[in-house]
Structure formats: C-alpha cells, structure tokens
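Chain and residue survey
The primary structure of each chain is shown beneath.
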Amino acid sequence: MFTKNPATIPAAGSAAPVVSLAPVPGGAVIPHPVGVSDDEFRAALSRLAAGVVLITAHDPEDGPRGEDVGMTATAFVSVSLDPPLVMVSVRNDSRMDDLLAHQPLWAVSVLSENQRHVAGRFAMKGRISDRLLFEDIPHVRGEAAGAPLIGGALAVLECRTEQRVVAGDHTLVIGRVLTASAPGDDGGPLTYFRGKYRQLG
C-alpha cells in the first residue's frame, strides 16, 4: 500500500491539479510531471507525421450567395466504421470553428503530394478572402454537404456534425460521413513532419 504525500493533495476548494503518484523500489512514491512547456510539447509532437487535409464548408449567411470557407488541417482522424465517423480539431474562435458551430455540413479533401500549394494557401495567417483563395483551385460542389471538394485530391468525404467537444484551446468536431470517394490517382499523400510539408519516400 502506498502512502500519499500531503504536498500533492490540494486543500479543500483549491484548484490545484491532482498529481498521480508512481511507485519506485523501496515503496516510496514520486509525482509524475503535471505539464510541459509549449515549446517542449510542439517539439515532441512535431515528430509525429500526419496527413494533410483541407476542411471546407459553405457559409450561406455570408453575402447574397454565401461564401466557401477552407482550413488546412493535420489533426484529422477516422473514429468509427459503424457508423462511419471522422474527427477534425479546429482552433476555438477561428473562422471555421465559428462556422461549424451553426453549419453542420462540411467536407474533407485528402491532399496529394502535388497539392502543397493548396495546403499552404489555406494555412496562411491574416489571409485574404476565402472566395479569392478558391478562385484558381479546381473544385466541385458536393451534393450532400454543398461544400467545395478539391480536384486532384486523393479522397473526398462529405460529413454532417454529430458532436462537438471543447478540448482546451480547440474543439473536436465529430462528423458522420455521408459520402466518400477516392477519385485521385495512385500518387502519394501530402504529409506534415517537423514543421514542414513533405512527400513520402
């Protein structure tokens, strides 16, 4: 049986974090680290290679004809096969987060190794109007979600939001896949590793 160190137990009403305790030889306990710096966290996670997708949605309330919105994302994963669910992480209070809070329909284009320019364009800070960003990029409008599907993408999916979960400074948007196809050729994917877009091989 391990004894708890009183220094790790917050006083009543305190907001101090609870520290997990780990046994060591001799029966003593040591606290696990309770956090890391931003730089340490970024450096460690930059070693995790990720695929790159473009998340798109149509904002019907922006202007007389509405406006398409796009966001480059690497935090995108498959969640479930039955039902078919995927998840993307969006920064709180971003344009995409604000839009997806009231627009349940959105789309995903899995970018190919030849679409680095697309990823870079929609990842810019202080960028120009999204309408201009889409102007010279081949795309079609999905029938299920009404959002742009990028030409030349390795795969495209149309989704409807099932759940939104706030997690720190991001919101996890879980969507049911309404349509899915792989119209692209057999080229490789665009990946993101150590702060740069890369190709496999």
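This model, assessed by the stated rule, comprises eight salt bridges. Salt-bridge contacts for R95 lead to D59; the nearest nitrogen and oxygen are separated by 3.4 Å. Of the two residues, R95 sits in helix α2 (residues 95–100) while D59 sits in strand β4 (residues 53–59), which places them 36 residues apart along the sequence. Its relative accessible area of 33% is what places R95 among the partly exposed residues. Assessed through its relative accessible area of 9%, D59 is described here as buried. For R160, the salt bridge identified is with E162, shortest N-O distance 3.7 Å. Residue classification places R160 among the partly exposed positions, given a relative accessible area of 33%. Judged by its relative accessible area of 41%, E162 is partly exposed. The network of salt bridges with shared partners includes D59, D62 and R95.

For the protein, per-residue confidence averages 82 on the pLDDT scale, and residues scoring 70 or more make up 80% of the total. Confidence drops under a pLDDT of 50 for residues 1–24, and excluding neighbours within four residues, the segment shows 27 contacts in the predicted structure.

In terms of nonpolar packing, the biggest core is built from 19 residues, with I55, V88, M96, W106 and V108 touching the most fellow members. Mapped onto this core, the elements with two or more residues apiece are β4, β5 (67–73), β7 (85–91), α2, β8 (105–110), β11 (155–167) and β12 (170–181). Filtering out sequence-adjacent residues up to four positions away, V88 remains in contact with I55, M71, A73, A75, F76, W106, T171, L172 and V173.

For the rest of this paragraph, the subject is a positive patch on the surface. On the surface, R47, R116, R194, K196 and R198 cluster together into a positively charged patch. Mapped onto the elements of the fold, K196 is located in strand β14 (residues 196–199). Since its relative accessible area comes to 53%, K196 is described here as exposed.

Quick look at the packing of aromatic side chains now. Tallied over the full model, the rule gives two aromatic pairs. Taking the centre distance of 4.9 Å and the plane angle of 55° together, the rings of F122 and F134 count as tilted. On the criterion of sequence distance, the pair formed by F122 in the loop between α3 (116–121) and α4 (130–134) and F134 in helix α4 is long-range, its members being 12 residues apart. Judged by relative accessible area, F134 falls into the buried class, the value being 4%.

In this section: the sheet that holds β8. What the seven strands build is an open sheet, ordered β5-β4-β8-β11-β12-β7-β6; its pairing is antiparallel. What marks the edges here is a single partner per strand, and that holds for β5 and β6 (76–80). On average, adjacent strands in this sheet sit at an angle of 35° to one another, irrespective of strand direction. Bridge count between β11 and β12: 11 bridges; the pairing is antiparallel. What sits directly across from T161, in β12, is G175.

Procedures and definitions
Residues numbered from 1 in each chain as written. Predicted model: local features only at pLDDT ≥ 70, side-chain atom pairs only at ≥ 80, totals over all residues. Heavy atoms only, no water. Salt bridge = Lys/Arg side-chain N within 4 Å of Asp/Glu carboxyl O. Helix = DSSP H or I, 4+ residues; strand = E, 2+ residues; numbered from the N terminus. Buried < 20%, exposed > 50% of the residue type's maximum accessible area, 1.4 Å probe, protein only. pLDDT = per-residue confidence, 0-100. Contact = heavy atoms within 4.5 Å. Core = buried A, V, L, I, M, F, W, Y, C linked by side-chain atoms within 4.5 Å. Patch = residues over 30% accessible without salt bridge, like charges linked within 9 Å, V, L, I, M, F, W, Y side chains within 5 Å. Areas by Shrake-Rupley, 256 points an atom, 1.4 Å probe, with all protein chains shown as cover. Lys, Arg positive; Asp, Glu negative; His and termini not counted. Charge placed at Lys NZ, Arg CZ, Asp CG, Glu CD. Phe/Tyr/Trp six-rings, centres within 6.5 Å; stacked < 30°, edge-to-face > 60°. Pairing = 2+ DSSP bridges. Axes fitted to C-alpha atoms, helices over the stretch in contact; angles between N-to-C directions.

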